[in-house]
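Below, each chain spelled out in residue letters.
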Amino acid sequence: MIGDSPQKPHSDPPFLRAIQLETQKRGFTMPADMQVGSLLRTLVASRPGGRFLELGTGLGLSLSWIVAGMDKGASVISVENERIYSAFTAELFARDDRVTIVNTDGEHWLRSYRGPPFDLIFADTWPGKYNHLDEALELVKAGGMYVVDDMIPQDNWPAGHLERATALLEDLHAREEFYLTSLAWSTGVVIMVRRSDDVR
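These figures come from a predicted structure and were not determined experimentally.

Each value, and the rule that gives it
- Residues numbered from 1 in each chain as written.
- Predicted model: local features only at pLDDT ≥ 70, side-chain atom pairs only at ≥ 80, totals over all residues.
- Heavy atoms only, no water.
- Phe/Tyr/Trp six-rings, centres within 6.5 Å; stacked < 30°, edge-to-face > 60°.
- Buried < 20%, exposed > 50% of the residue type's maximum accessible area, 1.4 Å probe, protein only.
- Helix = DSSP H or I, 4+ residues; strand = E, 2+ residues; numbered from the N terminus.
- Expected span 1.5 Å × (residues − 1).
- Contact = heavy atoms within 4.5 Å.
- Polar contact = N/O pair within 3.5 Å; in protein donor to acceptor, adjacent residues only side chain to side chain.
- Core = buried A, V, L, I, M, F, W, Y, C linked by side-chain atoms within 4.5 Å.
- Pairing = 2+ DSSP bridges.
- Axes fitted to C-alpha atoms, helices over the stretch in contact; angles between N-to-C directions.
- Salt bridge = Lys/Arg side-chain N within 4 Å of Asp/Glu carboxyl O.

J.: Describe the packing of aromatic side chains, with residues and values.
T.: Following the criterion strictly, the structure yields 5 aromatic pairs and no others. Judged by centre distance (4.6 Å) and plane angle (20°), the rings of W109 and Y113 are stacked. Y113 carries the same exposure label as W109, and that label is buried. Consider the rings of Y113 and F118, whose centres lie 5.4 Å apart with planes at 35°: the pair is tilted. F118 sits in the buried class, given a relative accessible area of 0%.

Set out below in C-alpha cells:
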C-alpha cells in the first residue's frame, strides 16, 4: 500500500512530480503553495491516527502533502466538485485505502455529512471558507485545527475578492470558541484551534 514506507522529513510528498506535470498540462492556475503544503504535512504529523478533511482537492497537490504527514492509522477525505480533477487524483491514490476522494459539490457534502469530527480541516475552496463556514467549523473536534491559505492579496485575485477575504478574516477573528493565529507568510495562512473547553 502506498504510504507504508516511512517518509523522510524533508523528502517530496508522493506523486508530487506527476501532479506538477498535470498542473502544467491543464494550465491550472491556482495550485497550492509548496510552503503551505509543507506546513500541512507538519500539522498532520502532529495527529497520529488523525482524521483529516480537505475541501477542494484540485489536482491533489495539497492532498499529497497531507498524505505525506499521515501515519498508517490516519485517514483523509478530500472533496472536489470538478470530476476531471477528482478522477485524476483518485487514480493517483487508488491503492491507498487511507484516502477517500469524493466527487461532489462541497456545499452538498457539508450539509449532508453526519460522521465524526476531524482533527484538521484544510478549506481550499469556497464551500467551507467563503460560504457554509459554520458547517465546516462545526466539524472541527476539540483541539482540532481549521486551516485556510490565500489570505494575502494575490495577483490572480478577481475584482472584489479582497473585500471577501477581509470579511472572512473578521468573521474568523470573532469566533470565540477558537484560538487563531494569522500568518503573513507564504500566501497568507490562518490556523485556528478549537478550544478544548468547547467540547465536540
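J.: Account for helix α2 (residues 34–45), with residues named and values stated.
T.: Here α2 contains 12 residues, and its C-alpha end-to-end distance of 17 Å stays within 8% of the 16 Å for a straight helix at 1.5 Å per residue. Those residues of α2 not exposed but buried are V36, G37, L39, L40, R41, L43 and V44. Elements in contact with the buried residues of α2: β1 (51–55), α3 (61–69), β4 (118–123), β5 (140–148) and β7 (189–194). Measuring from the side-chain oxygen of the N-cap residue of α2 to the backbone nitrogen of Q35 gives 2.9 Å; that N-cap residue is D33.

J.: I'd like a rundown of α3, residues and numbers included.
T.: Of all 9 residues in α3, 9 are buried, a share of seventy percent or more. When α3 is considered as a whole, its buried residues turn out to be L61, S62, L63, S64, W65, I66, V67, A68 and G69.

J.: I'd love a proper account of the nonpolar core, names of residues and values included.
T.: Counting 28 residues, the largest nonpolar core has F52, M70, V76, L120 and V147 as the members making the most contacts within it. Mapped onto this core, the elements with two or more residues apiece are α1 (16–26), α2, α3, α4 (83–92), β4, β5 and β7. Setting aside chain neighbours within four positions, we find F52 in contact with V44, R47, I66, M70, A74, S75, V76, I77, F118, D119 and L120. One finds A123, Y130, L139 and W157 within the second-largest nonpolar core, a separate group that totals 27 residues.

J.: Tell me about the sheet that holds strand β6 (residues 178–183), residues and numbers included.
T.: Overall, mixed pairing links the 7 strands, which are arranged β3-β2-β1-β4-β5-β7-β6 in an open sheet. Strand pairing shows two members of the sheet lacking a second neighbour, β3 (99–103) and β6, which therefore form its edges. This sheet shows a mean twist of 15° between the axes of neighbouring strands, independent of strand direction. Examined bridge by bridge, β1 and strand β2 (residues 75–80) share 5 bridges and lie parallel to one another. Along β2, the bridge assignment pairs R51 with S75. Its contacts with the sheet put helix α7 (residues 161–173) on β5, β6 and β7, and the angle it makes with β6 is roughly 145°.

J.: How would you explain the pattern of salt bridges if you had to name every residue and give the values?
T.: Oppositely charged side chains are able to pair whenever their charged atoms sit close together. On inspection of all chains with the given rule, the structure shows 7 salt bridges. Among the ionic pairs, R195 bridges to D197, the shortest N-O distance being 2.8 Å. Look at D197 and you get exposed, because its relative accessible area is 55%. Members of the salt-bridge network, linked through shared partners, are R47, D119 and K141.

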